[in-house]
Amino acid sequence: MLGFLAKRLPSVVLMLLVTAVIAFFLPRLGGGDPAQVIAGPDATLEQVQAVREQMGLDRPMIVQFGDWLGNVMTGDLGTSLISNRPVAQLIGARLSSTLELAIAASLLMIVLGIGLGILAGSARKGPGRAMIDSSLSVLLATPPHVTGLILILVLGISWQLLPVSGEVSVLDDPLTGLTYLIMPAFALALPQAAMIARLIAARMAQVRQEEFVDLAIAKGVPRRRIVISHILRNSLGTAVIATGIRIGEILAGAVVIEAIFARQGLGMFAVTSISSRDYEVVQIIVLFAVVIAVVVHFISEILLAALDPRIRLDA
């Protein structure tokens, strides 16, 4: 396993370096000038230039990138160009909201994805199986923001079971916090869970045709044991990798879902920072989101290697 990890680490480091380049330069390609925003609409060119020099934005881009990357690697995330407050402090104030949503959506995705995948991948045919297949097709075709709007209309407005906007931290008031978290978490998780369920079901159908499954049946191994120990275990590898990728997509989708449900997380903060050209905040949020996605993907590869020894041997 150590050899497997050692061979994966260089690609992870390279991916993070490329992400740092993209996170720094991408906000600047969008145009606009934070010095103009700070100086105000009525500022003269001289005043805007003075602000630009004071903030160091007149230096060559590569110099700015080198300074920023060096500071990030030493734990200094910089200072907001607009509010003049530490970026770490601003992100920390919004982080718990996004983490609550991402963790809840990820747990729902894993539980629903594996559960529905096992049901859809069962050998039994019938109306129940057809209903599950149809439900997965509908969930796959429905994007998270449409799912969110449907949940708001049904559970929030028609039946008035759950609040449609705002948030309460589950750490401060767990019961009330969950009522605010259920709909956005389901909206994020359902399409991703359907994709994982499809992968598991398809893989289970393939594994069921393998010779070792026929041998287990011929030896009289109980059906439940064959499904769990032989079919399901050998079907989870693809789903593990897909789960890691989907968690990254959940973080990206949180931007839209937070806007729909008026949650004050990092997604909403990123939108307001982009509109105000606050590069220092935007680039850290982008870098943070990718680092989380890379770490989760790396963990999923470790889990896959643990499930399938052939992965370790091929590495």
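You'll find the structure just up there.
So, a few notes on the structure that sits alongside this text. Just so you know, these numbers come straight off a predicted model, no measurement behind them.

### So, a nonpolar patch on the surface
Residues V146, I150, L153, V154, I157, W159, L161 and V164 make up a contiguous nonpolar surface patch of roughly 730 Å² in combined accessible area. Mapped onto the elements of the fold, L161 is located in the loop between α7 (144–158) and α8 (174–207). Given a relative accessible area of 57%, L161 falls into the exposed group.

### Let's talk about the side chain of R263
Within the secondary structure layout, R263 lies in the loop between α11 (236–260) and α12 (266–275). Since its relative accessible area comes to 1%, R263 is described here as buried. A polar contact is formed between the side chain of R263 and the backbone oxygen of S97, at a distance of 3.3 Å. A polar atom in the side chain of R263 sits 3.5 Å from the side chain of E167.

### Regarding unusual backbone geometry
You will see that N84, though not glycine, has its phi angle at about 60 degrees, which is positive. Its relative accessible area of 63% is what places N84 among the exposed residues. Phi is positive for A262, close to 55 degrees, though the residue is something other than glycine. With respect to the helices and strands, A262 occurs in the loop between α11 and α12. On the basis of relative accessibility, which here comes to 33%, the residue A262 falls in the partly exposed class.

### Let's talk about α8
Between its first and last C-alpha atoms α8 spans 42 Å; for 34 residues at 1.5 Å apiece the expected length is 50 Å, and the helix comes up short by more than 12%. The largest bend along α8 measures about 40 degrees and falls at L181, with the proline P184 one to four residues further on.

### Quick look at the side chain of D278
Within the secondary structure layout, D278 lies in the loop between α12 and α13 (279–307). A distance of 3.0 Å separates a polar atom in the side chain of D278 from the backbone nitrogen of L81. Setting aside residues up to four positions removed in sequence, D278 forms contacts with S80, L81, I82 and S273.

### Overview of the nonpolar core
Within the largest apolar cluster, 32 residues are counted, with the highest numbers of intra-cluster contacts made by L101, M109, M183 and L188. Ranked by residues supplied to this core, first place goes to α8 with eleven residues. In this structure M183 touches L151, I152, L155, G156, L162, P163, V164 and F261, once residues within four positions along its chain are discounted. The next biggest cluster of nonpolar side chains, apart from the first, holds 17 residues, and it includes A20, V72, V281 and I284.

### A look at the environment of V207
Topologically, V207 is positioned in helix α8. We classify V207 as buried; its relative accessible area is 1%. Residues V207 and I182, 25 residues apart in the sequence, show an inter-C-alpha distance of 35 Å. Discounting residues that sit within four places of it in the chain, V207 has contacts with F212, V213, H230, I231, N234 and S235.

### Section: the packing of aromatic side chains
Between two aromatic rings, the relevant description is the distance of the centres plus the angle of the planes. All told, the structure shown has five aromatic pairs when counted by the stated rule. Aromatic pair F24 and W68: ring centres 5.6 Å apart, planes at 35 degrees, arrangement tilted. With F24 in helix α1 (residues 2–29) and W68 in helix α4 (residues 61–73), this residue pair connects regions lying 44 residues apart in the sequence. Residue W68 is classed as buried on the basis of its relative accessible area, which comes to 5%. Taken together, F24, F25, F65 and W68 form an aromatic cluster joined through their ring pairs.

### Thoughts on helix α10 (residues 223–232)
Each α-helix turn comprises 3.6 residues. Residues three or four places apart therefore point the same way. The complete set of buried residues in α10 reads I226, I231 and L232. The buried residues of α10 occupy one face: seen down the axis, they fall within an arc of 130 degrees. Exposed residues lying more than 90 degrees from the buried face of α10 are R224 and R225. For α10, the elements touching its buried residues are α5 (87–120), α8, α9 (211–218) and α11.

### Thoughts on the pattern of salt bridges
Opposite charge on two side chains permits them to pair, given that their charged atoms come into close proximity. In total, this model carries four salt bridges according to the counting rule given. The shortest N-O distance in the salt bridge between E100 and R263 comes to 3.9 Å. Of the two residues, E100 is situated in helix α5 and R263 in the loop between α11 and α12; the sequence distance between them amounts to 163 residues. Residue E100 is classed as buried on the basis of its relative accessible area of 12%. Measuring nitrogen to oxygen at the nearest pair gives 3.5 Å for the salt bridge that ties R263 to E167. With a gap of 96 residues between them, R263 in the loop between α11 and α12 and E167 in the loop between α7 and α8 connect regions that are remote in the sequence.

Conventions and cut-offs
Residues numbered from 1 in each chain as written. Predicted model: local features only at pLDDT ≥ 70, side-chain atom pairs only at ≥ 80, totals over all residues. Heavy atoms only, no water. Patch = residues over 30% accessible without salt bridge, like charges linked within 9 Å, V, L, I, M, F, W, Y side chains within 5 Å. Areas by Shrake-Rupley, 256 points an atom, 1.4 Å probe, with all protein chains shown as cover. Salt bridge = Lys/Arg side-chain N within 4 Å of Asp/Glu carboxyl O. Helix = DSSP H or I, 4+ residues; strand = E, 2+ residues; numbered from the N terminus. Buried < 20%, exposed > 50% of the residue type's maximum accessible area, 1.4 Å probe, protein only. Polar contact = N/O pair within 3.5 Å; in protein donor to acceptor, adjacent residues only side chain to side chain. Expected span 1.5 Å × (residues − 1). Bend = angle between axes of the 7 residues up to and from the residue. Contact = heavy atoms within 4.5 Å. Core = buried A, V, L, I, M, F, W, Y, C linked by side-chain atoms within 4.5 Å. Phe/Tyr/Trp six-rings, centres within 6.5 Å; stacked < 30°, edge-to-face > 60°. Arc of directions from axis to C-beta.

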